[in-house]
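What follows is the residue order along each chain.
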Amino acid sequence: ALALLSEQGVLERKQGSGTYVKQVAGTQRIYELFRLELNTGPGLPTAHILDVSRQRRPAAIPPLGEGGTHAWRVRRLRFLSQVPVALEEIWFDASQCPKLKADELGDSMYLFYQERFGTYISRVEDRLSAAPTPDWAVPACDLKAGQWSGFIERLSWTANNTLAEYSFTWFDPKKCRYSSRLSQ
């Protein structure tokens, strides 16, 4: 497990000193706003892209970024320590990015925004409820289309208060939970 985390750039191993969580200069912690964890404890988040499409922004999606008429919709299957736990649908402004391929996206959309656009997410608002799983659910996730699941609606803003992302997450409460820890 330590070798895998080192290979993925999460840990740094120093001979004779120990193993440390890797600090990357100039980037925010990419998972500091990630709130899902396995029911048995935290897990390493990864994602599998199901679909990437540029679309006219639906009326139900608020204006994003520069408020253009088009947005990217990313659908993906989210894993925690290789356990499929959730489905995500992520919307972001298409004006800065007229073309996009699935292999350009990684496990962290926030890191993608930083590296591709120089955009940093500084705050989020999560609205928690339950909702029917969407009809594009995949068998690997164990959530069936129409089945009620945990649901997170998220709005993500930049430091200058621009709405950069609007997303939906349907999660399997038998496998994971939403967790938020605050400290002073």
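In case you missed it, the structure is sitting above this.
Residues numbered from 1 in each chain as written. Predicted model: local features only at pLDDT ≥ 70, side-chain atom pairs only at ≥ 80, totals over all residues. Heavy atoms only, no water.

Q: Looking at this structure, how should I read the packing of aromatic side chains?
A: Ring pairs (aromatic) are described by centroid distance and by the angle formed between their planes. A complete count under the given rule lists twelve aromatic pairs for this structure. Where phenylalanine 151 meets tryptophan 170, the ring centres are 5.4 Å apart and the plane angle is 50 degrees; that geometry is what we call tilted. Of this pair, phenylalanine 151 sits in strand β8 (residues 148-158) while tryptophan 170 sits in strand β9 (residues 163-171), and the two are 19 residues apart along the sequence. For the pair phenylalanine 151 and tryptophan 170, one class covers both residues: buried. (Phe/Tyr/Trp six-rings, centres within 6.5 Å; stacked < 30°, edge-to-face > 60°. Helix = DSSP H or I, 4+ residues; strand = E, 2+ residues; numbered from the N terminus. Buried < 20%, exposed > 50% of the residue type's maximum accessible area, 1.4 Å probe, protein only.)

Q: Help me understand the sheet that holds strand β7 (residues 121-132) in this model?
A: What holds strands together in a sheet is hydrogen bonding between their backbones, with the strands either parallel or antiparallel. Taken in spatial order, the six strands line up as β4-β5-β6-β9-β8-β7 in an open sheet, and their pairing is antiparallel. The open sheet has two edge strands with one neighbour each: β4 (45-56) and β7. For this sheet, the mean angle separating the axes of adjacent strands, direction not counted, is 20 degrees. Where β7 lies against β8, eleven bridges are found, and the strand directions are antiparallel. The residue of β8 that forms the bridge with proline 132 is tryptophan 148. Sheet strands in contact with helix α2 (residues 109-117) are β5 (70-80), β6 (83-93), β7, β8 and β9, and its direction is about 35 degrees off that of β6. (Pairing = 2+ DSSP bridges. Axes fitted to C-alpha atoms, helices over the stretch in contact; angles between N-to-C directions. Contact = heavy atoms within 4.5 Å.)

All quantities given are derived from atomic positions and should not be read as evidence of function.
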